[in-house]
Amino acid sequence: YYRGWHNLNGIFQDLISTYGLGDATTVLFGGDSAGGLATFYHVDHLADTLAAAGAKATVVGMPDSGCASTADRTRVLSVVLHRLAWKGPPSLPRVA
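Thresholds applied
- Residues numbered from 1 in each chain as written.
- Predicted model: local features only at pLDDT ≥ 70, side-chain atom pairs only at ≥ 80, totals over all residues.
- Heavy atoms only, no water.
- Helix = DSSP H or I, 4+ residues; strand = E, 2+ residues; numbered from the N terminus.
- Contact = heavy atoms within 4.5 Å.
- Areas by Shrake-Rupley, 256 points an atom, 1.4 Å probe, with all protein chains shown as cover.
- Expected span 1.5 Å × (residues − 1).
- Buried < 20%, exposed > 50% of the residue type's maximum accessible area, 1.4 Å probe, protein only.
- Arc of directions from axis to C-beta.
- Axes fitted to C-alpha atoms, helices over the stretch in contact; angles between N-to-C directions.
- Parallel < 35°, antiparallel > 145°, perpendicular 65-115°, else oblique.
- Left-handed = near helix turned anticlockwise from the far one by under 90°.
- Nonpolar A, V, L, I, M, F, W, Y, C, P; charged D, E, K, R; others polar.
- Pairing = 2+ DSSP bridges.
- Right-handed = clockwise from strand over helix to strand, strands pointing away.
- Core = buried A, V, L, I, M, F, W, Y, C linked by side-chain atoms within 4.5 Å.
- Phe/Tyr/Trp six-rings, centres within 6.5 Å; stacked < 30°, edge-to-face > 60°.

Engineer: Tell me about the overall build of the protein chain, residues and numbers included.
Structural biologist: A count of helical and extended segments in the protein chain gives three helices and two strands. Starting at the N terminus and ending at the C terminus, the protein chain contains elements arranged as α-β-α-β-α. Sequence separation of at least 24 residues holds for 62% of the intrachain contacts in the protein chain that already meet a minimum separation of 6. For the protein chain, the exposed area adds up to about 7,200 Å²; of that, 59% sits on carbon and sulfur atoms.

Dropping the structure here:
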């Protein structure tokens, strides 16, 4: 129960302490299918973890196909994601 959460935090800490993730200027966090869904769930946590470690990186999430289809919620989520894909939220830098 919640072992995945501990694994995720351990991986983040290892990337920061062993591989210098805390020195990055831009971090692209993404996945597809279940990993895309995990991107939605954890991108803000990664940004908070990096900030707590003193990093000044811009963290950007790029989920690919991370939505389960359930009637009306899928239609609404699809519209929101489509708008984000074209306009982007105001807090994220646009990549040319």
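Engineer: Explain helix H1 (residues 3-17) to me, and be specific about the residues and the numbers.
Structural biologist: The first and last C-alpha atoms of H1 sit 21 Å apart over 15 residues, in line with the 21 Å expected at 1.5 Å per residue. For H1, the set of buried residues is Leu8, Phe12 and Ile16. The arc that holds every buried residue of H1, seen down its axis, measures 70°, which confines them to one face. Along H1, the residues that are exposed and aim more than 90 degrees away from the buried face are Arg3, His6, Asn7 and Ser17.

Engineer: A description of the environment of Leu21 should follow, citing residues and the corresponding values.
Structural biologist: Assignment of secondary structure puts Leu21 in the loop between H1 and strand E1 (26-32). In this structure the C-alpha to C-alpha distance between Leu21 and Leu50, which are 29 residues apart in sequence, comes to 8.1 Å. For Leu21, the contacting residues outside a window of four places in its chain are Leu15, Ile16, Val27, Leu46 and Leu50.

Engineer: Would you mind going over the packing of H1 against helix H2 (residues 34-52) in detail, with residue names and values included?
Structural biologist: Between two packed helices, both the angle of their axes relative to each other and the distance between the axes serve to describe the pair. Where H1 contacts H2, the axes come no closer than 11 Å and their chain directions differ by 40°. The pairing of H1 with H2 is recorded here as oblique in orientation. Between H1 and H2 lies a crossing whose hand is right-handed. Between H1 and H2, the contacting residues are Trp5, Leu8, Asn9, Phe12, Gln13 and Ile16 on the first element and His42, His45, Leu46, Thr49 and Leu50 on the second. Taken together, the residues of the contact of H1 with H2 break down into six nonpolar, five polar and no charged.

Engineer: Requested: an account of the pairing of strand E2 (residues 58-64), with residues and values cited.
Structural biologist: Sheet topology note: the E1/E2 ladder contains seven bridges and is parallel. Within the sheet, the bridge partner assigned to Gly30 lies in E2 and is Met62. Once you follow E1 into H2 and on to E2, the crossover reads as right-handed.

Engineer: Break down the nonpolar core for me, citing the residues and quoting the values.
Structural biologist: Counting residues in each nonpolar core, the largest one holds twelve residues, listed as Leu8, Phe12, Ile16, Leu21, Val27, Phe29, Val43, Leu46, Leu50, Ala55, Ala57 and Val59. Contacts of Ala57, omitting those with residues within four sequence positions, involve Ala24, Thr25, Thr26, Val27 and Leu50.

Engineer: I'd like a description of the packing of aromatic side chains, backed by residues and values.
Structural biologist: Enumeration according to the criterion identifies one aromatic pair in this entry. Considering the side-chain rings of Phe12 and Phe29, the 6.0 Å spacing of their centres and the 70° angle between planes classify their relative orientation as edge-to-face. Linking Phe12 in helix H1 with Phe29 in strand E1, this pair joins segments that are 17 residues apart in sequence. According to the relative accessible area criterion, Phe12 is buried, its value standing at 3%.

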